[in-house]
Structure formats: structure tokens, C-alpha cells
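# Commentary on secondary and tertiary structure
Listed here are the chains, written in short residue letters.
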Amino acid sequence: MGKLLPTPALKRDDSLNVKDNRTGKEYTVQVTHNSIPATFFKGIRAPAGPNDRPEDETERGLRVADKGFLNTAVIESSITYIDGDNGVLRYRYVRVYVTVATHPEAYRRGYPIEQLAARSSFLEVSYLLIYGALPSGSQLSHFTSEVLLHGPIHSDAEGFFRSFRYDAHPMAMLTSAFSYLGSYYGEANPSLQGQDLFTKAAKGDATALQNMDRQIFRMIGKATTLAAMAYRIRQGRDFVVPPTGMSYTESFLYQLDHLSPTDQLSGLQSYKPHPVLAKALDILFILHADHEMNASSTTVLQTGSSLPDPFSAVAAGCASLYGPLHGGANEAVIRMLLSIGSPKNVPAFLEAVKKREKVLSGFGHRVYKTSDPRSFIIRKVADEVFAVTGRDPLLDTAMALHDAALKDEYFVSRKLAPNVDFWSGLIYRAMGFPMDFFPVLFVVPRVVGWVAHWRQMMLSPSGVKIWRPRQVYVGPSTRDYVPLEERKGAAQVGIGMEPSVIEHSGMTKRRKLAEASDKVRSKL
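Residues numbered from 1 in each chain as written. Predicted model: local features only at pLDDT ≥ 70, side-chain atom pairs only at ≥ 80, totals over all residues. Heavy atoms only, no water.

For the chain, an unreviewed UniProt entry supplies the name Citrate synthase and the organism Rhizopogon vesiculosus. Looking at the Sequence similarities (unreviewed entry) heading of the UniProt record, one finds this comment for the chain: "Belongs to the citrate synthase family." (UniProt positions renumbered as here; feature names shortened; annotations may be inferred.)

Right, here's the structure in full:
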């Protein structure tokens, strides 16, 4: 593979010239890794023009506006690489330089997701994402042992989970549970132990590094335990202590489905999850372990930049993933297929999509412009699961939609190919999981990606700066306060410009009626 060497000097001028037509001044900025620092623009200043407001701060330098972070790199990372134009996903991507004759040539090296899904395991991939290389046998054994050892949780957690309503969404429970978990470990809280608790690991502090890794073991190990507790509370069942002697996904399925200490299968064999389902879940976890700077990973880092305990940062990631635009995509696919009903209704549905009357879920991706490489892997997994669980009636509708969309020029020209969510929802449904549990099955493996990014941030040689983005203020300029009695009519009228009128029912309605009646009586 060659030897890792520093980036060689390139024989070209890697810089960008910018001319400000407002002032005629020219500026030069260095281009590194095909990017320029946004702070460069802060040095481009101009006198206020006729169309500028004081709030535009023209004389303080340009700002870069990027709604939704469409083209903003917020961090340098070596964890995951995505080439959306070519449908490539690689974990732990590095650039290697080798000398061929007398000319240095760059080779991009990363582990393709296809190879990892086919040959690795979830915990081995977890090690890779967190520590940067595939482990040796002893390293993997140590890492696996630590993760599984930290699976059990304090018995007080039972009371915490039972405090939720019987119909609480499992993601609400899981998000709260990670934050709750942080309350047990004061040694992991920089607010209690000092703000350099983890960042001093970047300077070689072995104790800080050990403390950091201990919290990582805890979060990965307890992710399945918390998820299983959120599941079983909805089922009205007692909680299960993580077993020994099982893989990560086997342990998870065991905690979900084990019934009692005397739970046995035929032939007096103790309960153990079906190997095909455990392996399928392991592959799905590999595919979902990390995906670069997505919404939830960015949320974890945004939160982590203020240096709270890592459990709070992961809880914030859970809240971000909870949203239907992120972790709820595979659930949306199932609801879409249910609404279509049968294969014969697919043509009419696609026509409605073209007219923007319906939404096509599970196709296309914000990053991938050709195809999602994970979708090809998961399609094979789906076949293996269906062979065990039986054919889901929705599969015929899904296949009809899949084939029709890939043959329709309207969707082909817009590069709307099936993504990982199209098949994962069908697999989870076939395995018997309720739809509102789908985001939980996304969180459990994504915890690994979150802690990998958090660890990388804490180990940054330049330290951690709090993330404080700018805004472009478009509101009113200075206004003088007017006393209430001098204000004439409504200050502003329109949708969203005043409090909504809320319809009340039940106790509140009856109390309001009583208060109104009391006012009438007092005037008589």
C-alpha cells in the first residue's frame, strides 16, 4: 500500500485571487485540500454602500452565507469519505503517497463499505472508525471485551424508564436515557472536573485518554441496553441483563426477546437469536455506523464544542436523528408503500409524484448523485432475511416501485435511485420491529460514529473552539420603546406574527368557563 508520507509540494500555484468590485482591491488566499478558510473573507472590507444597512456590518468584513451547510466544511476529519458523484463510501480514508520512478503519485486509501460489510463485523468496524486502523486479534479481543463488559446498567434505570407513559415514543426515552446516563459518571463531566478533562489527552495525558475511552466503552456497550429497555417498556415486559458469550447484535436481540430465566427453545436449548437475523443486523449496523458530517454527527460536535460530558452530546445527536428528515426516512418508506397498497397502483403513484402531489421516499440522497453504495449491500441482506422470515406482502409493491422508477426517465434524469432507507425499513418490518422503533435501530450503531467524531475533536492538536456560527440579520433596525397605553392597534398582523388562538378542552375549558361565569356574577 505504500508508505504514509507528508503531502508533497505540487508544482502549481494553489491560491485564489479575489477582486472586490466595490473597492477595486485584490486579495489572495491559499487553497488547501480544495478549500479556503471562511475567515479569509472577514478581511475583505468596504465602506457602506447606498443599499447597505448598519446591520450588514459592511465595514467589518464579508460573511459567508450557506443555509443548510450545503458547501461548508466545519472540521478536518479522517474518519469517513464520501464521493457522492461516484457512489463511494469508505471508512478511515487517508491519502498515501508512493514513489513510482521519480514521480510521486497519490493513491487514495480507505476501506470500501462493500468489503467491510462482506468480511468484517460491527465491533471490528467500530474499532476502525474510532482508532483509525483495523485491529489485531488481541486489540479486537480487548475492545470487544470492554464494550460488552459495559453493557449492564444501574438497577435504578428501571425506575427511570418506568416513569415514561406507556405509549411514549422509544426515541424520546432513548434521548432522555443517554442524558440520564451522564448523571452517573461525574468523572466524565468537564463542568465538574475541569474543562480540559478530555482535551489534555491531545497533549499526551494518558489518564485523560483512558478516561475518554472508558466513556466510549460505556456508550457503545450501553446503547443496546438502553434501546432494549425502551422497547420492552412498550411491550410491558421486565428488563433483561445483557448476556455473556454472545456477539454485540446477538446480545441486543437477546435483550429484546428473552422472556425468563427458564426461557428455552425446543430440545432444552437456551434461547439464542436466529443467526441470520443477528448477522443481518450486524451488517445493517456496519452500514449505519457513520456517514460523515450528517445532521446528527454535526449536532454532536456542535454540542461537544462547548465541552459538556459526552453523554449529553450523544443525547443531542439522538434528538437530531429523531427528526423525520434524518432518522425517520425508512419509516416514511413503509408508510409510502402501505399507502400505495399494491403493485397495480404504482404507475398512478409515480404520476402523482411527478405532479408533486405525492412524496417519493427512499429514493435519492442529499450526498449521493448516482447511487447509494449501501443500497446494493442491503438488497442482498434483504433477500437473506426474507428467506427466513417469509415474504412480506409489501415486497411486491416495493419491487414494482423500484423497477418502475429505475425505468422512468423522469426519475433517472434526476438521479433518484433507491437509497439505504428503501430496503432497511422492509428488513426491520420483516424482523418484526414496529415502525417507531426504526430510528432506535439507527441510533445504536450511529453512536459509534458520533463518539469517533467526538474523540477526534477532543484530540485536536489545536484545541477545541466553541462552534458559534454567524447570521445575516434582516430584521428591523433600531426602534424606540413605546409605552403600552400609547400603542395604537396591533403592532403587526399576519401569519406567525402574533400568538395563535388555541382551542382548549377538558379541565382547562371547564376552568375558563367557570372564570367567565364568575366575572359575570361579580358585575351583577
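On we go from here.
### Quick notes on the side chain of Asn189
Note that Asn189 resides in the loop between α5 (170-182) and α6 (190-193). On the basis of relative accessible area, Asn189 is assigned to the buried category, the value being 17%. (Helix = DSSP H or I, 4+ residues; strand = E, 2+ residues; numbered from the N terminus. Buried < 20%, exposed > 50% of the residue type's maximum accessible area, 1.4 Å probe, protein only.)

### Re helix α10 (residues 295-304)
Residues of α10 that are buried: Ser296, Ser297, Thr298, Val300, Leu301 and Gly304. Of the surrounding secondary structure, the elements contacted by the buried residues of α10 are α11 (310-322) and α18 (438-458). (Contact = heavy atoms within 4.5 Å.)

### Considerations on the UniProt feature "active site" (unreviewed entry) in the chain
In the UniProt entry, the feature "active site" (unreviewed entry) is given for His365 and Asp421. Spanning 57 residues, the annotated positions come together in the fold, the maximum distance between their C-alpha atoms being 10.0 Å. With respect to the secondary-structure elements, His365 resides in the loop between α13 (346-354) and α14 (373-389). Residues contacting His365, with those up to four places away along its chain left out, are His291, Asp372 and Arg374.

### Looking at the packing of aromatic side chains
Taken as a whole and judged by the stated rule, the model has 25 aromatic pairs. An angle of 45° between the planes, with centres 4.9 Å apart, marks the rings of Tyr127 and Tyr131 as tilted. Of this pair, Tyr127 and Tyr131 are both found in helix α2 (residues 122-131), 4 residues apart, which corresponds to roughly one turn of the helix. Overall, the relative accessible area of 12% leaves Tyr127 in the buried class. A relative accessible area of 26% means that Tyr131 is categorised as partly exposed. (Phe/Tyr/Trp six-rings, centres within 6.5 Å; stacked < 30°, edge-to-face > 60°.)

### Focus: the pairing of strand β2 (residues 25-30)
Pairing of strand β1 (residues 15-20) with β2, which is carried by 6 bridges, proceeds in the antiparallel orientation. Residue pairing for β2: Ser15 is matched across the bridge by Gln30. The turn linking β1 back onto β2 is made up of 4 residues, and Gly24 within it adopts a positive phi angle of 85°. (Pairing = 2+ DSSP bridges.)

### A few points about the packing of helix α3 (residues 137-149) against helix α7 (residues 206-235)
For any two helices packed against each other, the geometry is given by the interaxial angle and the distance between the axes. Close contact between α3 and α7 brings their axes to 7 Å; oriented N to C, the two are set at 65°. Note on packing geometry: the crossing formed by α3 with α7 is right-handed. Across from Phe143, Glu146 and Val147 in α3, the residues of α7 making contact are Phe217, Ile220 and Gly221. (Axes fitted to C-alpha atoms, helices over the stretch in contact; angles between N-to-C directions. Left-handed = near helix turned anticlockwise from the far one by under 90°.)

### Looking at the nonpolar core
Counting 120 residues, the largest nonpolar core has Phe178, Ile220, Phe252, Leu401, Phe433 and Val447 as the members making the most contacts within it. Of the residues that make up this core, three or more belong to each of domain 2 (80-118) and domain 3 (124-322). With near-sequence residues (within four places) excluded, Val447 lies in contact with Phe178, Met219, Ile220, Ala223 and Val314. (Core = buried A, V, L, I, M, F, W, Y, C linked by side-chain atoms within 4.5 Å. Domains from an automatic or database assignment.)

### So, α18
In a regular helix each residue adds 1.5 Å, so 21 residues correspond to 30 Å; α18 covers 30 Å between its end C-alpha atoms and thus fits that length. The sharpest bend along α18 measures roughly 40° and falls at Pro445. Counting buried positions over the 21 residues of α18 gives 21, a clear majority of the element. (Expected span 1.5 Å × (residues − 1). Bend = angle between axes of the 7 residues up to and from the residue.)

### What to know about the domain arrangement of the chain
As a measure of interface size, the accessible area lost when the parts come together is often cited. As assigned here, the chain comprises domain 1 (15-60), domain 2 (80-118) and domain 3 (124-322). Averaged C-alpha coordinates put domain 1 and domain 3 at centres separated by 46 Å.

### A short note on unusual backbone geometry
If you check the backbone angles, His33 has positive phi at about 50° while not being a glycine. Positionally, His33 belongs in the loop between β2 and β3 (80-83). For Arg356, which is not glycine, the phi dihedral falls at a positive 65°. One can find Arg356 in the loop between α13 and α14.

### Re the packing of α10 against α18
At a minimum axis distance of 9 Å, the contact between α10 and α18 shows a crossing angle of 40°. Taken together, the axes of α10 and α18 lie oblique to each other. With respect to the hand of their crossing, α10 and α18 are arranged in right-handed fashion. Where α10 abuts α18, its residues Ser296, Ser297, Val300, Leu301 and Gly304 lie against Arg446, Trp450, His453, Trp454, Met457 and Met458. Taken together, the residues that form the contact of α10 with α18 break down as 6 nonpolar, 4 polar and 1 charged. (Parallel < 35°, antiparallel > 145°, perpendicular 65-115°, else oblique. Nonpolar A, V, L, I, M, F, W, Y, C, P; charged D, E, K, R; others polar.)

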